[in-house]
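Fold and geometry: a report
Letter by letter, the chains look like this.
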2 protein chains.
Amino acid sequence: MTSVDFWFDFASTYSYPAAARIGRAARERNVVVRFRPFLLGPIFKAQGWDTSPFNIYEAKGRYMWRDLERLCAALGLPFRRPEPFPQNSLLAARVALAGLAVDAPWAGEFCLAAFRAQFGEGRRIDDPSTLSAILTGLDTDPASVLAAAQSDENKLRLRSQTEEAARLGLFGAPNFVTPDGELFWGNDRLEAALDWVAPHPSS
Amino acid sequence: MTSVDFWFDFASTYSYPAAARIGRAARERNVVVRFRPFLLGPIFKAQGWDTSPFNIYEAKGRYMWRDLERLCAALGLPFRRPEPFPQNSLLAARVALAGLAVDAPWAGEFCLAAFRAQFGEGRRIDDPSTLSAILTGLDTDPASVLAAAQSDENKLRLRSQTEEAARLGLFGAPNFVTPDGELFWGNDRLEAALDWVAPHPSS
């Protein structure tokens, strides 16, 4: 079975519909998805930005919010514009990575739930209580997961992951990277990435 | 019959596949396409950029060229990276607008041919001889068209068109704008724009 690496930042707006869509789209093509959370902050900083480009470039930001609203409506996904934006995604990324690193059964669901909490319900993912509530709902112990997330080993893991993102040439999110090194950027390119590794039966 | 406004700059890379695709995609849905060339230069300048963001942001630029190459291959479109990039699209935009303003039968074909000359054949669209050769191939008189293109009236027309683009909140290209004012940005969103005005029979 072939695979695609799904690189995302929990604060990335278009990563929300991508995360919601990728499971089913990949299953339909028998493609395995590897979730790769990383931090856009250092990547943006290297481009000279101290916040999201959607905040820096007003017309682009205005468009994005309307576009995201339309996309979510078409997908039947709840949408609520988060305040503030972007949210600090460090803790969510650490929690996800702590689970993903040990193939925890809750890890994938945690990612979807964290996106939904932020972009569907307007909750703050930089608040440990939001993440704890999600973890509790996934039948795992929040205290031990949060401790593992904040361990030095796991902090270093996220740092390495973000450095790998930079090496791969990622400059935004979401991204889909194929085993042969092709990069597809943006929620819109999910199907193109899956088609690259495993052409869709009907296409 | 409903319509979509197709806003593009001749120097815009992703406007090339969009221009190549829009005719057929719109016909399949009985949608009329209005070609609206404009200049990205003043729009970029207002965002603080003196060249294409693909030149300013290296990783993004590197990705774009590879992505465009892949897209063109999938569409069966010839592709050759233009040098220099971006090209000065002023004259091509003026020629297109001079034709579009009077519903000249060659105007739409001219747009496709100018994109193909630049991105498919590596020719320079800031060279009047390139545009003259295209016009000759379309059975129209290059000298009179170029004169109309450079008239004060037509120069003003392009300026107004670009001001309208800014008022619409355009920040890049290509764009598809629906009669009810919805903006869709990017080659990838062509189908979404057409679906907005006229759902596809098979979707």
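Below you will find a few notes about this structure. Treat the numbers as computed from the prediction; the structure is a model and nothing was measured.

To continue, consider the packing of helix α5 (residues 90-101) of chain A against helix α7 (residues 128-137) of chain A. Residues and elements named next belong to chain A. At a minimum axis distance of 10 Å, the contact between α5 and α7 shows a crossing angle of 30 degrees. On the basis of the axis angle, α5 is roughly parallel to α7. In this structure, the crossing between α5 and α7 has a hand that is right-handed. When α5 is examined against α7, the residues Leu91, Ala92 and Val95 are found in contact with a partner set consisting of Pro128, Leu131 and Leu135. Tallied by class, the residues present in the contact of α5 with α7 amount to six nonpolar, no polar and no charged.

All names here are of chain B. In this structure, serine 151 sits in the loop between α8 (142-149) and α9 (152-167). Expressed as a C-alpha distance, the spacing of serine 151 and alanine 98, which sit 53 residues apart in the sequence, is 9.1 Å. Side-chain polar atoms of serine 151 contact the backbone oxygen of alanine 148, separated by 2.9 Å.

All names here are of chain B. With mixed pairing, the four strands of this open sheet are ordered in space as β2-β1-β3-β4. Of all strands in the sheet, those with a lone pairing partner are β2 (32-37) and β4 (183-185), marking the two edges. Strand-to-strand twist of the sheet, defined as the mean angle between neighbouring strand axes without regard to direction, takes the value 25 degrees. Here three bridges tie strand β1 (residues 3-8) to strand β3 (residues 175-177), and the two strands are oriented antiparallel to one another. Of the residues in β3, the one forming a bridge with phenylalanine 6 is phenylalanine 176.

Between chain A and chain B, which share one sequence, the superposing operator has a rotation angle of 180 degrees and an axial displacement of 0.0 Å; the RMSD is 0.0 Å. Both chain copies can therefore be described as sitting about a two-fold axis. Among all residues of chain A, the minimum C-alpha distance to the rotation axis is found for aspartate 188 of chain A, at 3.2 Å. Here 100% of the contact residues of chain A are again contact residues in chain B; the copies associate through an equivalent surface.

Attention shifts here to the packing of aromatic side chains. Each pair of aromatic rings is reported with the distance of its centres and the angle of its planes. Per the stated rule, a full pass over the model turns up 42 aromatic pairs over all chains. Each ring, one from phenylalanine 8 of chain A and one from phenylalanine 35 of chain A, has its centre 5.7 Å from the other, and the planes form 80 degrees; the classification is edge-to-face. Of this pair, phenylalanine 8 of chain A sits in strand β1 (residues 3-8) while phenylalanine 35 of chain A sits in strand β2 (residues 32-37); the two residues are 27 residues apart in sequence, bridging distant segments of the chain. Judged on exposure class, the residue phenylalanine 8 of chain A and its partner phenylalanine 35 of chain A are both buried. Relative to phenylalanine 85 of chain B, the ring of tryptophan 65 of chain B lies with its centre 4.9 Å away and its plane at 80 degrees, an arrangement referred to as edge-to-face. Here tryptophan 65 of chain B, found in helix α4 (residues 58-75), pairs with phenylalanine 85 of chain B, found in the loop between α4 and α5 (90-101); they are 20 residues apart in sequence, far enough to count as distant. For phenylalanine 85 of chain B, a relative accessible area of 14% translates into the label buried. An aromatic cluster of at least three residues, connected via ring pairs, comprises Phe6, Phe8, Phe10, Phe35, Trp106, Phe110, Phe115 and Phe176 of chain A.

Rules used in this analysis
- Residues numbered from 1 in each chain as written.
- Chains lettered and ligands numbered in written order.
- Predicted model: local features only at pLDDT ≥ 70, side-chain atom pairs only at ≥ 80, totals over all residues.
- Heavy atoms only, no water.
- Axes fitted to C-alpha atoms, helices over the stretch in contact; angles between N-to-C directions.
- Helix = DSSP H or I, 4+ residues; strand = E, 2+ residues; numbered from the N terminus.
- Parallel < 35°, antiparallel > 145°, perpendicular 65-115°, else oblique.
- Left-handed = near helix turned anticlockwise from the far one by under 90°.
- Contact = heavy atoms within 4.5 Å.
- Nonpolar A, V, L, I, M, F, W, Y, C, P; charged D, E, K, R; others polar.
- Polar contact = N/O pair within 3.5 Å; in protein donor to acceptor, adjacent residues only side chain to side chain.
- Pairing = 2+ DSSP bridges.
- Least-squares fit on C-alpha atoms with pLDDT ≥ 70 in both.
- Phe/Tyr/Trp six-rings, centres within 6.5 Å; stacked < 30°, edge-to-face > 60°.
- Buried < 20%, exposed > 50% of the residue type's maximum accessible area, 1.4 Å probe, protein only.

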